[in-house]
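What follows is the residue order along each chain.
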Amino acid sequence: MRMGEFSRRTGVSQRLLRYYEEQGLLAPARRPSGYREYTEEDVVTVRGIRVLLAAGLNTATIAELLPCMIDDDGALAPGCSGMLPDLTKERDRIDEAVAGLLAARARLDGIINATVPGAPADPDACYAGVAPGPV
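Residues numbered from 1 in each chain as written. Predicted model: local features only at pLDDT ≥ 70, side-chain atom pairs only at ≥ 80, totals over all residues. Heavy atoms only, no water.

(A) Here's a closer look at a nonpolar patch on the surface. Together, Leu108, Ile111 and Ile112 make up an exposed nonpolar region whose accessible area comes to about 310 Å². Turning to its location among the elements, Ile112 is positioned in helix 5 (residues 84-113). (Patch = residues over 30% accessible without salt bridge, like charges linked within 9 Å, V, L, I, M, F, W, Y side chains within 5 Å. Areas by Shrake-Rupley, 256 points an atom, 1.4 Å probe, with all protein chains shown as cover. Salt bridge = Lys/Arg side-chain N within 4 Å of Asp/Glu carboxyl O. Helix = DSSP H or I, 4+ residues; strand = E, 2+ residues; numbered from the N terminus.)

The following block contains the structure:
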């Protein structure tokens, strides 16, 4: 199938499909005219790419892991236990990012909770260190 139909079938824009190809995630056959020719297997590949992107993996990691993944009726699974260290490393990276976001939220909560009772609610009354302009 050609790119337009493939894009409709996968729900992925043509621009993003070209990006996947540039990243080595997708390798469609080429017709003599130069047009890309996609197969049903490519549909499965794009589905796997989307699952791994949604799991927080970047395209470089996906390029390494995707060939070893098994698509079992839409559920993606490692093809061998040797992939577990890489997947665990990625989960640990995500855990660190989540911890950083939670810490930032806690700091912001502290700032919000430190609001002085009875402080003016009018934004014009607060200049955040900027001198007021002419009145």
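(B) Fine view of the nonpolar core. Phe6, Leu17, Tyr20, Leu26, Tyr38, Val46 and Ile62 are the most contacted members of the largest nonpolar core, which has 19 residues in total. Of all elements in the fold, only helix 1 (3-10), helix 2 (14-22), helix 3 (40-54) and helix 4 (59-65) reach the threshold of two or more residues within this core. It is helix 3 that provides the largest number of residues to this core, a total of 4 residues. Residues in contact with Tyr38, not counting those within four places in the same chain, are Met1, Arg2, Met3, Phe6, Leu17, Glu21, Leu26 and Pro28. (Core = buried A, V, L, I, M, F, W, Y, C linked by side-chain atoms within 4.5 Å. Buried < 20%, exposed > 50% of the residue type's maximum accessible area, 1.4 Å probe, protein only. Contact = heavy atoms within 4.5 Å.)

(C) Representation of the pairing of strand 3 (residues 69-72). Looking at chain direction, strand 3 and strand 4 (residues 75-78) are connected through 4 bridges and run antiparallel. Bridge pairing in strand 4 places Ile70 opposite Ala77. Hairpin connection of strand 3 to strand 4: 2 residues between the antiparallel strands, including Asp73 at a positive phi of 60°. (Pairing = 2+ DSSP bridges.)

(D) Layout of the packing of aromatic side chains. The full count for this structure, using the stated rule, is 1 aromatic pair. Ring centres 4.0 Å apart and planes at 0° place the aromatic pair Phe6 and Tyr38 in the stacked group. With Phe6 in helix 1 and Tyr38 in the loop between strand 2 (36-37) and helix 3, this pair connects stretches of sequence that are 32 residues apart. In terms of burial, Phe6 and Tyr38 fall into one category: buried. (Phe/Tyr/Trp six-rings, centres within 6.5 Å; stacked < 30°, edge-to-face > 60°.)

(E) The environment of Gly11, seen in detail. Looking at the secondary structure, you find Gly11 in the loop between helix 1 and helix 2. Take Gly11: its relative accessible area is 67%, and that puts it in the exposed class. A sequence separation of 35 residues divides Gly11 from Val46, and the C-alpha atoms of the two residues are 9.6 Å apart.

(F) Focus on the layout of surface pockets. In this structure, the largest pocket occupies an estimated 300 Å³ of space. Contributing elements (two or more residues each) for the lining of the largest pocket: helix 3, helix 4 and strand 3. With 5 residues, helix 3 is the single largest residue contributor to the lining of the largest pocket. (1 Å grid on protein atoms, 1.4 Å probe; cavity = no way out; pocket = protein on both sides within 12 Å on 5 of 7 lines; lining within 4 Å. Points joined across faces, edges and corners; volume = space filled by probe spheres on them.)

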